[in-house]
Amino acid sequence: MVVTEMLVARWHGLHPVELVMSHASNAMQIDNKKRCRCALAAQLLAVLLLAAAGSAVAREKHLIDPTPPGSLNPEPLPPLQNPDAPSTLAKELFARKSTPFPGPPRSIGGYFDGCLAGGVPLPITGPTWQVMRPSRNRNWGNPQLVRFIERFAENAKKIGWNGLLVGDMSQPRGGPMLSNHKSHQVGLDVDIWFTPMPDHVQSRAEREFGSATDVVAPDMLDVDLEVWTHMHTELIRTAAQDPAVTRVLVNAAIKKALCREAGTHRTWLFKVRPWYGHAEHFHIQIACPAGSAECKAQPPSLPSDGCDHELDFWFKDSTLHPPTPPKPKPALTLAGLPPECKQIVKAP
């Protein structure tokens, strides 16, 4: 009964101490024997609460990039007061462009400081995929990325994965985003949920508000064995084995599981790298396409599976529970992007 009340109290924002005090007040009205029992129960409850709070904090810390809900009626962004000011953030400009820049497809600049011309949308619903959070309008990419997703979705179906739930790709003209990503700027990145596609075409509400599956254990030291299956390993292996893919980013706990389950053929692990967050989805980057001379390629992956001591850093207490969050880098203005990006974002 007390535990149930505590859960309800936490849900409604009541501090655990307030609930304990409430029970203590009621206990004042009973005899000494019952009061002692009540005090003992309160002490036990406090211990349980501390353990639960610690677990919640751990889960919160590894979900650096959780999947927020979308909207059925997204409000348009208000006009900028001075969009031509050199200090105007690039993300504010690109977020206000709801259509692509016309012309041949070009990925311009780097994955973390670039833009996209000639972007195309991935259809919201395909035979082996469904786009999530369509209100964000982030299902755009270089045509090579769209073709990769279609190909990957087919190959995933062949190994028994029911279909892909596709998260963020890029904005219509690429560039920095208002939330969630530093990369995804040149139309060559895509997030794939760890939740398989359901057997029906989802409604708009399901796509906007459905929850992604967190596959990492609360202590962040391994995957959650109640959720994780070997099919997740096969899905990531299938992505990494595609020749177009250069990197797959996953939570370190997932990388640990992949190292354990990979078997003898491990070269695909060269592309799979641990990174903060990425407990609900994995992040795929594909190579700069032919025809995008302005695209800055990432350094090639090291010829190592990245297991053993290379993973040790990610499981240090100072990494899992940093004493202070790192200071964020200043947001980009147009001066920090290739010159072509100014023309792309300023065009009607």
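Heads up: the structure comes first, above all this text.
Source: prediction; values computed, not measured.

Tell me about the overall build of the protein chain, and name the residues and values.
Across its full length, the protein chain holds 10 helices and 11 strands. Within the span of the protein chain, comprising 348 residues, buried residues form 44% of the whole. In the protein chain, once contacts between residues fewer than 6 apart in sequence are set aside, the share between residues at least 24 apart is 77%. Approximately 18,100 Å² of the protein chain is accessible, and the part contributed by carbon and sulfur atoms is 62%.

Break down the packing of helix α7 (residues 230–240) against helix α8 (residues 252–261) for me, citing the residues and quoting the values.
Between α7 and α8, whose axes approach to 10 Å, the crossing angle comes to 90°. Our classification of the angle between α7 and α8 gives roughly perpendicular. On α8, the residues that touch His230, Thr233, Ile236 and Arg237 of α7 are Ile254, Leu258 and Glu261. Each residue belonging to the contact of α7 with α8 can be placed in one class, and the counts come to 3 nonpolar, 2 polar and 2 charged.

With reference to specific residues and values, describe a nonpolar patch on the surface.
Nonpolar side chains collect at one region of the surface, where Trp275, Tyr276 and Phe313 lie side by side and expose about 310 Å² of accessible area between them. Structurally, the position occupied by Trp275 is in the loop between β10 (272–274) and β11 (281–286).

I'd love a proper account of the packing of aromatic side chains, names of residues and values included.
If you walk through the whole model with that rule in mind, you get 8 aromatic pairs. Centre to centre, the rings of Trp275 and Trp314 are 5.9 Å apart; their planes meet at 65°, and the pair counts as edge-to-face. In this pair, Trp275 is assigned in the loop between β10 and β11 and Trp314 in the loop between β11 and α9 (317–320), connecting sequence segments 39 residues apart. Overall, the relative accessible area of 45% leaves Trp275 in the partly exposed class.

Tell me about the pattern of salt bridges, residues and numbers included.
Enumeration over the complete set of coordinates arrives at 11 salt bridges. In this structure, Asp84 and Lys346 form a salt bridge, with 2.8 Å as the shortest nitrogen-oxygen distance. Residue Asp84 is located in the loop between α3 (32–62) and α4 (90–94), and its partner Lys346 is located in helix α10 (residues 339–346); the two are separated by 262 residues in the primary sequence. Since its relative accessible area comes to 61%, Asp84 is described here as exposed. Residue classification places Lys346 among the partly exposed positions, given a relative accessible area of 33%.

Give a detailed account of the nonpolar core, specifying residues and quantitative values.
Ranked by internal contacts, the top residues of the largest apolar core, which has 50 residues, are Phe152, Leu164, Val166, Ile236, Ile254, Phe282 and Ile284. Here this core takes 7 residues from helix α5 (residues 143–158), the largest share from any one element. With near-sequence residues (within four places) excluded, Ile236 lies in contact with Phe194, Trp228, Val248, Val250, Ile254, Leu258, Trp268, Val272 and Phe282.

Reading guide: rules and limits
Residues numbered from 1 in each chain as written. Predicted model: local features only at pLDDT ≥ 70, side-chain atom pairs only at ≥ 80, totals over all residues. Heavy atoms only, no water. Helix = DSSP H or I, 4+ residues; strand = E, 2+ residues; numbered from the N terminus. Buried < 20%, exposed > 50% of the residue type's maximum accessible area, 1.4 Å probe, protein only. Contact = heavy atoms within 4.5 Å. Areas by Shrake-Rupley, 256 points an atom, 1.4 Å probe, with all protein chains shown as cover. Axes fitted to C-alpha atoms, helices over the stretch in contact; angles between N-to-C directions. Parallel < 35°, antiparallel > 145°, perpendicular 65-115°, else oblique. Nonpolar A, V, L, I, M, F, W, Y, C, P; charged D, E, K, R; others polar. Patch = residues over 30% accessible without salt bridge, like charges linked within 9 Å, V, L, I, M, F, W, Y side chains within 5 Å. Salt bridge = Lys/Arg side-chain N within 4 Å of Asp/Glu carboxyl O. Phe/Tyr/Trp six-rings, centres within 6.5 Å; stacked < 30°, edge-to-face > 60°. Core = buried A, V, L, I, M, F, W, Y, C linked by side-chain atoms within 4.5 Å.

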